[in-house]
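Take a look at the letters that make up each chain.
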Amino acid sequence: MDLNLNLNLNVNGRPERFAAQPNELLVERLRDGLGLTGTKVGCDTGQCGTCVVRLDGRSVKSCLVLTASAAGSEVTTIEGVAERGGELTGLQEALRQEHGTQCGFCTPGMVMALGELVENTAGGGAPTEPEIREWLTGNLCRCTGYHSVVRGVQRACAPAVEAGAAGREG
Amino acid sequence: MILTEFDYVRPLGLDRALDLLAGPGARVLAGGQSLLPGLRAGTERAGLLVDVRHLDELRGISAADGTLRIGALTTLAELAAHPLVRERAPELAAAARANGDPQVRNLGTAGGNLADRGRPTDLPVAALAAGAEVELAGPGGRTRTGVEEFTAGGVPAGSVLTALLVPAAGPAAAFEKAADRATRYPLCAAAVRITADGPRIAVTGATPRALRLRGVEDRLRGGPYTTEAVLAAFRAEPRELFVPGRGTSAEYLGHLAGVLTARALARAARITA
Ligand code: FES
Ligand code: FES
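Keep in mind that what you see is a predicted model, and the values were worked out from it rather than measured. (Residues numbered from 1 in each chain as written. Chains lettered and ligands numbered in written order. Predicted model: local features only at pLDDT ≥ 70, side-chain atom pairs only at ≥ 80, totals over all residues. Heavy atoms only, no water.)

So, about the sheet that holds strand β4 (residues 58-61) of chain A. All names here are of chain A. The sheet built from five strands is open, its strands ordered β2-β1-β5-β3-β4 with mixed pairing. In this open sheet, the two edge strands, each paired with only one partner strand, are β2 (14-20) and β4. For this sheet the average axis-to-axis angle between neighbouring strands, irrespective of direction, equals 40°. Looking at chain direction, strand β1 (residues 5-11) and β2 are connected through seven bridges and run antiparallel. Across the sheet, the residue bridging to Asn8 is Arg17, located in β2. (Pairing = 2+ DSSP bridges. Helix = DSSP H or I, 4+ residues; strand = E, 2+ residues; numbered from the N terminus. Axes fitted to C-alpha atoms, helices over the stretch in contact; angles between N-to-C directions.)

Below, the structure written as structure tokens:
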């Protein structure tokens, strides 16, 4: 039996066509098939969140999605968030300023997950600290201790107070 | 990486999906948030995955004649945030919110959570406390089954869970959970709904499966729902009801179930008052 499926996927605004096995995971297509290695694999069991991408706008774990089931959808990876060589997004810049990244392994997944939270609350008031912490349930970080990540999100959601917060030490 | 091999089909309608599911080894794939880890771990098997995630006929939340109809593909995130669900079935919205993490809630579905035969999940207790029914589509057409019967038997082979039907209530309902730290699965979860006939109480995690505890309900009918009264009502249950494991004793789990139920009742009763 030939199990290859002919699929298409829009990744970071680019249409991609390829053949894949039915048991291929989206994270395998992104990393191994398309060379987008910004998306990481930390656990392969759906618990660490380093593989988070946006699927039709929603943050999902790409190790918990079959490529075949994602076919026809729009995927955004960390490579598609800011223009290559261009400026960081507000969220990325705020995480950088608040030291919300150390070794950086969890950071692509964090940015992809938190991007949805920041967009959801844009214009509707900043998320509270408990909301930010709850939103991070699916992202494990072994370095930062999370406080600096939380501050980064708060900074990203409150540009108005940035001037006042800028002088604070991390 | 999933090492086991299977075939994959995305049917264009429910009828075609049911035809495919009649074949040997065919399984429904919806959100995939427990099926895919299960296939990877080898605890689940499939010869063919019938992907229903794109079937619009299994979507949507509506209210009619005092009943909420929740399409099986409603994601846990949608369920947790939906104004009708939050207002009329708050225990269900809270259970959906307590599930996994935001990314799992973005793909995980109400139907998948209810149909999961692996580890205990959060929605079945809420559906039990709410006195809900499930709608199933099978080769013989559509049927309705009470959630109590459904949680005992699961989805019949060859059928698809199409919707959850929840009697709309006031806000006097609540859900409480003690989550396993690493997996977010419930160590124990309890849901309650206070009705004119007394409280409806369901527990999972501590028990072999999600169960309505009629003995506890009877002992608490008429109130008051003080912590002492609730704990005593749980102590009167047979010890075999609580299944030890994961480093816990039956005594601990029975106590935990009582504490969570007492909290849920206190919250629900406060809202009614
Ligand atoms: S690699 Fe996907 S959650 Fe860890
Ligand atoms: S910065 Fe190292 S794991 Fe998060």
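Read on for the rest.
What follows is about helix α11 (residues 227-235) of chain B. Along an α-helix, residues three or four positions apart point the same way, because every turn accommodates 3.6 residues. Residue and element names in this part refer to chain B. Inspection of α11 places Val230, Leu231, Ala233 and Phe234 among the buried residues, and these make up the whole buried set. Buried residues along α11 cover an arc of 155° about the axis, so they all sit on one side. Counted as exposed and oriented over 90 degrees from the buried face of α11: Glu228 and Arg235. (Buried < 20%, exposed > 50% of the residue type's maximum accessible area, 1.4 Å probe, protein only. Arc of directions from axis to C-beta.)

Moving on to the environment of B:Glu176. Residue and element names in this part refer to chain B. Relative to the assigned elements, Glu176 resides in strand β9 (residues 173-179). Distance from Glu176 to Asp122, taken between C-alpha atoms, is 9.7 Å for residues 54 residues apart in sequence. A polar contact is formed between the side chain of Glu176 and the side chain of Arg267, at a distance of 2.8 Å. (Polar contact = N/O pair within 3.5 Å; in protein donor to acceptor, adjacent residues only side chain to side chain.)

Our focus in this paragraph is the packing of helix α3 (residues 90-97) of chain A against helix α6 (residues 147-157) of chain A. All names here are of chain A. Relative to each other, α3 and α6 sit at 135°, their axes nearing to 8 Å. The orientation of α3 relative to α6 falls into the category oblique. Here the hand of the crossing between α3 and α6 comes out right-handed. Together, Gly90, Leu91, Ala94, Leu95 and Gln97 of α3 and Val149, Gly152, Arg155 and Ala156 of α6 make up the contact between the two elements. Considered class by class, the residues forming the contact of α3 with α6 number five nonpolar, three polar and one charged. (Parallel < 35°, antiparallel > 145°, perpendicular 65-115°, else oblique. Left-handed = near helix turned anticlockwise from the far one by under 90°. Contact = heavy atoms within 4.5 Å. Nonpolar A, V, L, I, M, F, W, Y, C, P; charged D, E, K, R; others polar.)

Turning next to the side chain of B:Lys177. Residues and elements named next belong to chain B. Relative to the helices and strands, Lys177 resides in strand β9. Here the side chain of Lys177 touches Arg184 through a polar contact of 2.7 Å, landing on its backbone oxygen. Residues contacting Lys177, with those up to four places away along its chain left out, are Ala98, Asn99, Asp122, Arg184, Tyr185, Pro186, Cys188, Ala189 and Leu260.

Residues and elements named next belong to chain A. Turning to α3, its buried residues are Leu91, Gln92, Ala94 and Leu95. Seen from one end, α3 has its buried residues packed into an arc of 165°, which puts them on one side. When the buried face of α3 is taken as reference, the exposed residues oriented beyond 90 degrees from it are Gly90 and Arg96. In the segment just after α3, His99 is the residue with positive phi, at about 60°.

This part is about the domain arrangement of chain A. A common way to state how big an interface is: give the accessible area lost once the parts meet. Residues and elements named next belong to chain A. We note that the domain assignment places domain 1 (5-82) and domain 2 (90-169) within chain A. Using C-alpha coordinates to define each centre, domain 1 is positioned 23 Å away from domain 2. The partner domain 2 presents 15 residues to the 20 residues of domain 1 that form the contact. Of the roughly 1300 Å² buried where domain 1 meets domain 2, counting both sides, 61% is carbon and sulfur surface. Across the contact surface, domain 1 and domain 2 share one salt bridge. Here Arg54 makes a salt bridge to Glu119, at a shortest N to O gap of 2.8 Å. Mapped by element, the contributors of at least two residues to the side of domain 1 that touches domain 2 are β3 (52-55) and β4. Looking at side-chain class alone, the side of domain 1 that touches domain 2 contains seven nonpolar, nine polar and four charged residues. (Domains from an automatic or database assignment. Buried area = accessible area lost by both parts, 1.4 Å probe. Salt bridge = Lys/Arg side-chain N within 4 Å of Asp/Glu carboxyl O.)

Now for the sheet that holds strand β2 (residues 26-29) of chain B. Within a sheet, neighbouring strands are paired by backbone hydrogen bonds and run either parallel or antiparallel to one another. Residue and element names in this part refer to chain B. Reading across from one edge, β1-β3-β2 is the order of the three strands in this open sheet, with parallel pairing throughout. Edge positions in the open sheet fall to β1 (7-9) and β2, since each of these has one partner strand only. Direction aside, the axes of adjacent strands within the sheet are offset by 25° on average. Pairing of β1 with strand β3 (residues 48-51) involves three bridges; the strand directions are parallel. Its bridge partner lying in β3, Val9 is registered against Val50.

With that settled, consider the domain arrangement of chain B. All names here are of chain B. Domain assignment breaks chain B into domain 1 (7-51), domain 2 (56-167) and domain 3 (173-272). Distance between the C-alpha centres of domain 2 and domain 3: 21 Å. Listed as interface residues are 25 residues of domain 2 and, on the opposing side, 22 residues of domain 3. When the two sides are added together, the surface that domain 2 and domain 3 hide from each other amounts to roughly 1800 Å², 58% of it contributed by carbon and sulfur. When the area that domain 2 buries against domain 3 is broken down by residue, the three leading residues are Pro120, Val125 and Ala129, summing to 29%. Where domain 2 touches domain 3, the interface holds three salt bridges. A salt bridge links Asp122 to Lys177; its shortest N-O distance comes to 2.8 Å. Across the domain 2-domain 3 interface, the total number found is seven residue pairs in polar contact (both at pLDDT 80 or more). Residue assignment for the side of domain 2 that touches domain 3 shows that the elements contributing at least two residues are α5 (90-97), α8 (123-129), α9 (147-153) and β8 (160-167). Among the elements that line the side of domain 2 that touches domain 3, the one with the most residues is α8, at five residues.

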